[in-house]
Amino acid sequence: SEAEKLVQLLSKQPATGVVNALTVLSALICLGDELAGSLDSRIEALFDLIDFDGTALVTYDEVVILFMCCGAALGGLLGATQKEPASSPDDAFCRRLASQLYQELDKEGGGDMLARGEFCSWAIAFLAELDDVTVDNVYMALYHN
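In this report, we go over the structure that sits alongside the text. (Residues numbered from 1 in each chain as written. Predicted model: local features only at pLDDT ≥ 70, side-chain atom pairs only at ≥ 80, totals over all residues. Heavy atoms only, no water.)

For any two aromatic rings, the description comes down to two numbers: the centre-to-centre distance and the angle of the planes. Evaluated as defined, the whole model comprises seven aromatic pairs. Between Phe-67 and Trp-122 the ring centres are 6.1 Å apart and the planes differ by 75°, which places this aromatic pair in the edge-to-face class. A residue pair is termed long-range when its members are at least 10 positions apart, and Phe-67 in helix α4 (residues 60–79) and Trp-122 in helix α6 (residues 116–128) qualify at 55 residues. The exposure class assigned to Trp-122 is buried, which follows from its relative accessible area of 14%. Here Tyr-139 and Tyr-143 contribute two aromatic rings whose centre-to-centre distance is 5.6 Å and whose plane-to-plane angle is 35°, an arrangement assigned as tilted. Taken together, the positions of Tyr-139 and Tyr-143, both in helix α7 (residues 135–143) and four residues apart, correspond to about one turn of that helix. (Phe/Tyr/Trp six-rings, centres within 6.5 Å; stacked < 30°, edge-to-face > 60°. Helix = DSSP H or I, 4+ residues; strand = E, 2+ residues; numbered from the N terminus. Buried < 20%, exposed > 50% of the residue type's maximum accessible area, 1.4 Å probe, protein only.)

Set out below in C-alpha cells:
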C-alpha cells in the first residue's frame, strides 16, 4: 500500500498521470534510511541510476536527467505533506543546476564526463551544508536557491 501511494504521488509530478521509472527509483533511494544503506551508498545508487552504460562516468545530459528525476521525486514526496504540491523542476532549470555543478568541478558541460567519485564528493559536500538532511531541506536547497 505504501508503494501504491508513492506511485500515486509521483504520477502528479508533473500532473500527467504517468510515472517515470527513474523518478520512482530516485524517490525510493531518497527515502532510504540507515537500513537501506549509508548516505554515501545512496548517493552512489543515484549516480548508478543514470550511469546507463555502467562506466562510472556520466554525461552532462545524464546529470540533467538525474536532477529532473530527483526534483520530481522530492516534489512528489513533499506533495504528501503539503496542502499545495511542490512543483517539479523543468528541463531549463535542471540544465542550469547541471551547469553549476560542472562549473564548480571545472568541467565543460559539452563533452566532459563526470566520474562517480566527483559526483559523490560534490553531493556529500552539498548535503553537509544542510542543517538536517530531509526531503524538504534537500528540495528547497537544490530547487529553490
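Of all hydrophobic cores here, the largest spans 34 residues; its most connected members are Val-63, Phe-67, Phe-119, Trp-122, Leu-142 and Tyr-143. Elements supplying a minimum of two residues to this core: α3 (39–50), α4, α5 (91–104), α6 and α7. In terms of residue count, α4 provides more of this core than any other element does, eight residues in total. Setting aside residues up to four positions removed in sequence, Tyr-143 forms contacts with Phe-67, Cys-70, Gly-71, Leu-74, Pro-89, Phe-93, Cys-94 and Leu-97. Of all hydrophobic cores here, the second largest spans six residues; its members include Leu-6, Leu-10, Ala-73 and Leu-77. (Core = buried A, V, L, I, M, F, W, Y, C linked by side-chain atoms within 4.5 Å. Contact = heavy atoms within 4.5 Å.)

Next up on the list: the layout of surface pockets. Computed from the structure, the largest pocket encloses a volume of approximately 430 Å³. Cys-30, Ile-43, Leu-46, Leu-127 and Val-138 are the residues nearest the centre of the largest pocket, which is lined by 23 residues in total. Elements with a minimum of two residues in the lining of the largest pocket: α2 (21–31), α3, α4, α6 and α7. Sorting elements by how many residues they give to the lining of the largest pocket places α6 first, with five residues. (1 Å grid on protein atoms, 1.4 Å probe; cavity = no way out; pocket = protein on both sides within 12 Å on 5 of 7 lines; lining within 4 Å. Points joined across faces, edges and corners; volume = space filled by probe spheres on them.)

This brings us to the packing of α2 against α3. One way to put it is that α2 packs onto α3 with a least axis distance of 9 Å and a crossing angle of 170°. Comparing their axes, α3 and α2 come out roughly antiparallel. Seen from α2, the contacting residues are Leu-22, Leu-25, Ser-26, Ile-29 and Cys-30; seen from α3, they are Arg-42, Ala-45, Leu-46 and Leu-49. Of the residues contributing to the contact of α2 with α3, the split by class is seven nonpolar, one polar and one charged. (Axes fitted to C-alpha atoms, helices over the stretch in contact; angles between N-to-C directions. Parallel < 35°, antiparallel > 145°, perpendicular 65-115°, else oblique. Nonpolar A, V, L, I, M, F, W, Y, C, P; charged D, E, K, R; others polar.)

A few words on the environment of Tyr-102. Topologically, Tyr-102 is positioned in helix α5. The spacing of Tyr-102 and Leu-114 is twelve residues in sequence and 8.2 Å in space, taken between C-alpha atoms. Separated by 3.1 Å, the side chain of Tyr-102 and the backbone nitrogen of Tyr-60 make a polar contact. (Polar contact = N/O pair within 3.5 Å; in protein donor to acceptor, adjacent residues only side chain to side chain.)

Looking at where Ser-88 falls in the secondary structure, it is placed in the loop between α4 and α5. In this structure, the C-alpha to C-alpha distance between Ser-88 and Gly-75, residues 13 residues apart in sequence, is 5.8 Å.

Here we come to the pattern of salt bridges. Enumeration according to the criterion identifies four salt bridges in this entry. The closest approach of N and O atoms between Arg-116 and Asp-48, which form a salt bridge, is 2.3 Å. Here Arg-116 is found in helix α6, whereas its partner Asp-48 is found in helix α3, with 68 residues between them in sequence. Judged by its relative accessible area of 28%, Arg-116 is partly exposed. Residue Asp-48 is classed as partly exposed on the basis of its relative accessible area of 36%. Across the salt bridge formed by Arg-95 and Asp-61, the nearest N and O atoms sit 3.1 Å from each other. Residue Arg-95 is located in helix α5, and its partner Asp-61 is located in helix α4; the two are separated by 34 residues in the primary sequence. (Salt bridge = Lys/Arg side-chain N within 4 Å of Asp/Glu carboxyl O.)

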